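# Report on the structure
Spelled out from the first residue to the last, the chains are:
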Amino acid sequence: MVDNVVIVGGGTAGWMTAAYLSVTFRDSVSVTLVESKDVPTIGVGEATFSTVRKFFDYLGLDEREWMPECDATYKLAIRFEDWRERGDYFYHPFERPRVVDGFSLADWWLHLRPSDRFDRDTSVLAALCENHRSPRYLDGTMLERDFVAEGSDALFRATPEGGSTQFPYAYHFDATLLAGFLTRFSVARGVRHVLDDVVDVAQDEHGAISHIVTAEHGAVDGDLFVDCTGFKGMLLNKTLGVPFESYQRYLPNDSAVALRVPTDMATRGIRPCTTATAQDAGWIWTIPLFQRIGTGYVYSSDYCDPEEAERTLREFVGPESEGLEANHIRMRIGRSRQSWVHNCVAIGLSSGFVEPLESTGIFFIQNAVEQLIRHFPGGGLDDGLLRDAYNRQVANVMDGVRDFLALHYYAAGRQDNAYWKDTKTRPLPDSLAECLQQWQAKLPDQETVFPHFHGFEPYSYVAMILGLGGLTIRPRPALANIDDTAARKEFQLIQQRARQLVDTLPTQYEYFAHLHDLPAADRARM
């Protein structure tokens, strides 16, 4: 019987795991989290995508409860700047294209070309991003009632793979503040919190972990150990010797430098999207929180050194970067060959990581914790089968995201220096190369994307291919023989609905100023 779980490492991964376990098992499983007082978290994982809402719903947390404490804002899309060419931008929104006469509106767009902007022609959310709008009215009402059915009032708890509705937003938040919030949440529900350094990891005669040894609290025993120790992989990689499989040949960016920039957000405004701005050796993220900007340069050390990267980032930010301490990060891109070996499960960076281009770090954690619950061992003969199934699912998720990110570089129209030219000749995963052959004749669909769940649906591939502009995709021949009246009407309806929402929804700053109970005079400065 497995009834004693020990989590080694805190941060977002550790405390998301602790919170999820405490809510799921309540008093039937003991949960202990051991973290050092002196090891800082990386703390740049501030953007998410829309499945993360189900994590908070699962915990029973209302947005009004946790968002103000975590400096959080809404995210409706990712805005890609300068990826096709300098001066160009487009959105990858959390919005599936509508279907007209059996064909996606994306197919109709490729056939009719109502304008040169796929995102604006097929998406309401693109207009909301352009105009800094919140997806909720000041009274908390959603922009569309269709999304309420799977909200926090549902009779059951949803998980990342559950539900059919594409929810229109995710979140930006301060990862350090979120970890602190989840610490308090978890401890209040019985999680034992040990602040101490792990000085040794003991194994039994079969190679499983029997206990960890801490500097001040001595031995901490457990039935199942969760490795949330970050890139160093203290339990899974160092103690158990599980090899790491690099994605570096497909995704060359291996470093980042980050800044936390205090900003007058009332004056600047809060665009409801993450922005990824292409640079000479990678790209810069911009994440607007309620009181500051999170920003960082993700780059390849083969094309740029840390000093140049920091200089580029500070020039990008401008005078607000003066005097701010930069956080330099060396990233381990890839995944552990198995994330669960013996009685040790790695979650977070110790399991695997890809660059944060599509905000997948938090998603990897959420998926891993949810899968851990589904495959939780009982101490019997089936435990090995459960471990194998867990490892397959986690590996498929990461490999699928690897393919999706590799597409971003291969399909980008930009080719103005060695870094961007090399994105066209770098090796591709076999699974992606096979898909690319099929996409020459038609846009990606359910049959022609990575076949296993990885968080991204075909519409995301479509949004990137049509936005990046580096691939030639032909429209479906059948559309030339079908009356296009309904499709043209649908394009018009999208523009009408977008204008209505822009006219009636508050700005993001207005909405969160209201949520933070700021004086009325301070809510309308933007």
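These notes cover the structure that comes with them. (Residues numbered from 1 in each chain as written. Predicted model: local features only at pLDDT ≥ 70, side-chain atom pairs only at ≥ 80, totals over all residues. Heavy atoms only, no water.)

### Examining the state of the cysteines
Following the criterion strictly, the structure yields zero disulfides and no others. No disulfide involves Cys129; its sulfur sits 4.4 Å from the nearest other cysteine sulfur, which is in Cys273. With relative accessibility at 0%, the residue Cys129 sits in the buried group. Free cysteine: Cys344, not disulfide-bonded; nearest cysteine sulfur from Cys228 at 9.5 Å. Taking relative accessible area as the criterion, Cys344 reaches 0% and is therefore assigned buried. (Disulfide = S-S within 2.5 Å. Buried < 20%, exposed > 50% of the residue type's maximum accessible area, 1.4 Å probe, protein only.)

### Some details on the nonpolar core
Proteins that are soluble and globular tend to have nonpolar side chains buried together. Membership of the largest hydrophobic core comes to 162 residues, with the highest contact counts inside it found for Trp66, Trp83, Ile347, Leu372 and Trp439. Broken down by element, this core gets its largest block of residues, ten residues, from helix H12 (residues 383-410). Dropping the residues within four chain positions of it, Leu372 is found in contact with Leu21, Leu224, Val226, Trp340, Val345, Ile347 and Tyr390. Ranked by size, the runner-up nonpolar core spans 18 residues in total, among them Ile209, Leu236, Leu240 and Val242. (Core = buried A, V, L, I, M, F, W, Y, C linked by side-chain atoms within 4.5 Å. Helix = DSSP H or I, 4+ residues; strand = E, 2+ residues; numbered from the N terminus. Contact = heavy atoms within 4.5 Å.)

### Things to note about the pattern of salt bridges
What the rule picks out here adds up to 31 salt bridges. Between Arg184 and Glu69 there is a salt bridge; the shortest N-O distance is 2.9 Å. With a gap of 115 residues between them, Arg184 in helix H7 (residues 175-187) and Glu69 in the loop between helix H3 (63-66) and strand S3 (73-75) connect regions that are remote in the sequence. Put simply, Arg330 and Asp254 hold a salt bridge, and the shortest N to O gap is 3.4 Å. With Arg330 in strand S19 (residues 327-330) and Asp254 in the loop between strand S14 (244-246) and strand S15 (255-262), the pair connects residues that are 76 residues apart, well separated along the chain. Judged by its relative accessible area of 7%, Asp254 is buried. Taken together, the salt bridges that share partners define one network made up of Glu245, Arg335, Arg337, Asp399, Arg402 and Asp403. (Salt bridge = Lys/Arg side-chain N within 4 Å of Asp/Glu carboxyl O.)

### Concerning the packing of aromatic side chains
For the structure on display, the rule yields 37 aromatic pairs. Look at Trp83 and Trp420: their rings are 5.2 Å apart centre to centre, the planes differ by 80 degrees, and that puts the pair in the edge-to-face class. Placement of Trp83 in the loop between strand S4 (77-81) and strand S5 (89-93) and of Trp420 in helix H13 (residues 418-422) is noted, with a sequence separation of 337 residues between them. In this structure Trp420 comes out as buried when scored by relative accessible area, which is 0%. Each ring, one from Phe363 and one from Phe364, has its centre 6.1 Å from the other, and the planes form 40 degrees; the classification is tilted. Note on accessibility: Phe363 and Phe364 belong to one class, buried. An aromatic cluster is present here, built from Tyr20, Phe55, Phe56, Tyr58, Trp66, Tyr74, Phe167, Tyr169, Tyr171, Phe173, Tyr511 and Phe512 joined pairwise through their rings. (Phe/Tyr/Trp six-rings, centres within 6.5 Å; stacked < 30°, edge-to-face > 60°.)

### Notes on the packing of helix H11 (residues 361-374) against H12
Following both chains from N to C, one finds H11 and H12 inclined at 160 degrees, their axes separated by 10 Å at the closest point. The orientation of H11 relative to H12 falls into the category roughly antiparallel. The hand of the H11/H12 crossing is right-handed. Contact residues: Phe363, Phe364, Asn367, Ala368, Gln371 and Leu372 in H11; Tyr390, Gln393, Val394, Val397, Met398 and Val401 in H12. Partitioned by chemical class, the residues of the contact of H11 with H12 number nine nonpolar, three polar and no charged. (Axes fitted to C-alpha atoms, helices over the stretch in contact; angles between N-to-C directions. Parallel < 35°, antiparallel > 145°, perpendicular 65-115°, else oblique. Left-handed = near helix turned anticlockwise from the far one by under 90°. Nonpolar A, V, L, I, M, F, W, Y, C, P; charged D, E, K, R; others polar.)

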